[in-house]
Amino acid sequence: MKFSRILLASVLALGACGTADTPTTPAASGGLTPVKLQLQWFFQAQFAGYIAAVDQGFYREQGLDVELLEGGVDIVPQTVLATGKADYAVAWVPKALASREQGAGITDVAQIFARSGTYQVAWKDSGISKAADLKGKKVGNWGFGNEFELFAGMTKAGLDPGKDVTLVQQQFDMQALLKKEIDAAQAMSYNEYAQLLEAKNPDTGQLYTAEDFTVIDWKTEGSSMLQDAVWANTERLSDPNYQAQTVKFLTATIKGWAFCRDNAEKCRDLVVAKGAKLGQSHQLWQMNETSKLIWPAAGAGIGVIDEAAWKQTVDISMTTKNQTGDTVLTKAPEGLAYTNDYINQAIEQAKAAGVDVTGAGFQPATVTLTEGGA
């Protein structure tokens, strides 16, 4: 059974989760149009731009009353969108394309993260610094469609992921690596990697530092895939009202992410106030690292889908096999898988309002983490 068929079963099963109510209607108090955005995960700085756009009134300026629907382990954002329980959703491109192949009518209308944030992290003394070094090692990964950059990287390095490494199902934390139960762990630059640097070295009583670890970055290994994108309902994109709403939604979203680029600590506070489960230093780290995945934005500006990056993601999705021999996709995406029409209009409107849509001068900060990310 192919990966996409497996995903379909889980998507259909999870579609009934109570994450959203009935489809939105254009009537709301104050003349605002209610809009629901399904997030991919729990509230954290990965979604700070949307949180800020709500808090700072950017969506309201566009006539939208936006409700952010928190994600979680048992929520598939693209399914919530495809079944009409949200108006837009944030999801990784490979996972969303797998859902499209099984019939989900969704379209990528803004590629917010232009770069991948996935790492494979090992101890400095392990001798692991590139994909080829994973041979014969215990390699942790989350599965659930998160593993394909890792598998593509190993395959490119000449390794058979099903034979040349010992694959270990990893929890969404770094405990297995810290306990040295595995040799390399999957981590997001903005989340799990920080958890390592928030942990105390029992031998020294001090926090671990970056010098204690090595990082395999799939961007440099040439196997990175597109991640957080804003997806719209494909069928509804034939409606001029939904088209106009999409431009308005993206215009405000651009303002939100630009605000967080320029006001990282303020957005950290907004995320914490929203109920984020990890602390202030962790959220500031995450805000900083998330901004690195967005800014500087090439070409016309934030959210534009780069054809080369899209092609690489699709090629890996069709050709890279995981340990069971499954691929993300069985064929190239059909129909309106993505469009830059709406983000380009939103960029022009944001520019007209004085927003820096490329962030060419963006300089990441140096964030000091504390124990446990508090």
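What counts, and at which threshold
- Residues numbered from 1 in each chain as written.
- Predicted model: local features only at pLDDT ≥ 70, side-chain atom pairs only at ≥ 80, totals over all residues.
- Heavy atoms only, no water.
- Helix = DSSP H or I, 4+ residues; strand = E, 2+ residues; numbered from the N terminus.
- Contact = heavy atoms within 4.5 Å.
- Salt bridge = Lys/Arg side-chain N within 4 Å of Asp/Glu carboxyl O.
- 1 Å grid on protein atoms, 1.4 Å probe; cavity = no way out; pocket = protein on both sides within 12 Å on 5 of 7 lines; lining within 4 Å.
- Points joined across faces, edges and corners; volume = space filled by probe spheres on them.
- Nonpolar A, V, L, I, M, F, W, Y, C, P; charged D, E, K, R; others polar.
- Pairing = 2+ DSSP bridges.
- Right-handed = clockwise from strand over helix to strand, strands pointing away.
- pLDDT = per-residue confidence, 0-100.
- Disulfide = S-S within 2.5 Å.
- Buried < 20%, exposed > 50% of the residue type's maximum accessible area, 1.4 Å probe, protein only.
- Axes fitted to C-alpha atoms, helices over the stretch in contact; angles between N-to-C directions.
- Core = buried A, V, L, I, M, F, W, Y, C linked by side-chain atoms within 4.5 Å.

K.L.:
How should the side chain of S189 be read in this particular structure?
P.N.:
Relative to the helices and strands, S189 resides in the loop between β8 (184-188) and α8 (192-197). Residues within four places of S189 in sequence aside, it is in contact with G117, Y119, W285 and E289.

K.L.:
Which parts of the structure should I look at to understand the pattern of salt bridges?
P.N.:
Where side chains of opposite charge bring their charged atoms close, a pairing between them can arise. Scanning all chains against the criterion turns up 13 salt bridges. When salt bridges with common partners are traced through the structure, they connect R261, D262 and D356 into a single cluster.

K.L.:
Would you explain empty space enclosed by the protein in this entry?
P.N.:
The rolling of a water-molecule-sized probe over the atoms marks out the regions of remaining empty space. Applying the stated criterion to the full structure yields one cavity of 30 Å³ or more. Of the voids in this model, the largest cavity is the one considered here, and its volume is about 50 Å³. In terms of lining, the largest cavity is formed by W92, P94, G145, N146, F148, E149, M225, L226 and Q227. Partitioning the lining of the largest cavity into residue classes produces five nonpolar, three polar and one charged.

K.L.:
I keep staring at the pairing of strand β7 (residues 166-169) and nothing clicks. Help me out?
P.N.:
Along any regular strand the residues' side chains alternate between the sheet's two faces. In this sheet, β7 lies alongside strand β6 (residues 138-141) in parallel orientation, the contact comprising four bridges. Of the residues in β7, the one forming a bridge with K138 is T166. Viewed along the sheet, the connection from β6 through helix α6 (residues 148-156) into β7 turns out right-handed.

K.L.:
How should the confidence of the model for the protein chain be read in this particular structure?
P.N.:
Parts of the prediction with low pLDDT should not have their coordinates interpreted in detail. Per-residue confidence for the protein chain gives a mean pLDDT of 92; residues scoring 70 or more make up 92%. Across residues 1-28 the pLDDT falls below 50, and counting only partners more than four positions away or on other chains, this stretch makes 58 contacts in the model.

K.L.:
What is the right way to look at the state of the cysteines in this model?
P.N.:
Here, the word disulfide means a covalent bond between the sulfur atoms of two cysteines. Counted by the stated rule, this structure contains one disulfide. Covalently, C260 is tied to C267 through a disulfide, its sulfur atoms 2.1 Å apart. Its S-S torsion of approximately -85° makes the covalent link between C260 and C267 left-handed. The class for C260 is buried, based on a relative accessible area of 1%. A residue is classified by how much of its surface remains accessible, and C267, at 1% relative accessible area, is buried.

K.L.:
I'm lost on the sheet that holds strand β4 (residues 106-110) in this one. Help?
P.N.:
Strands pair in a sheet through their backbones, by hydrogen bonds, and they do so in one of two ways: parallel or antiparallel. Spatially, the five strands line up as an open sheet ordered β2-β1-β3-β10-β4, and their pairing is mixed. Strand pairing shows two members of the sheet lacking a second neighbour, β2 (64-69) and β4, which therefore form its edges. Here the strands of the sheet are splayed against their neighbours by 30° on average, with no regard to which way each runs. As defined by bridge partners, strand β3 (residues 88-91) adjoins strand β10 (residues 229-233) across four bridges and the pair is classed as antiparallel. Residue pairing in the sheet places A91 in a bridge with A229 of β10.

K.L.:
Can you help me understand the nonpolar core in this one?
P.N.:
A general trend in soluble globular proteins is that nonpolar side chains are found buried together. If you look at the biggest cluster of nonpolar residues, it comprises 57 residues, and the most contacted ones within it are Y50, I112, V230, F249, L250, I254 and W257. The dominant element in this core, judged by the number of residues it contributes, is helix α10 (residues 240-262), at 10 residues.

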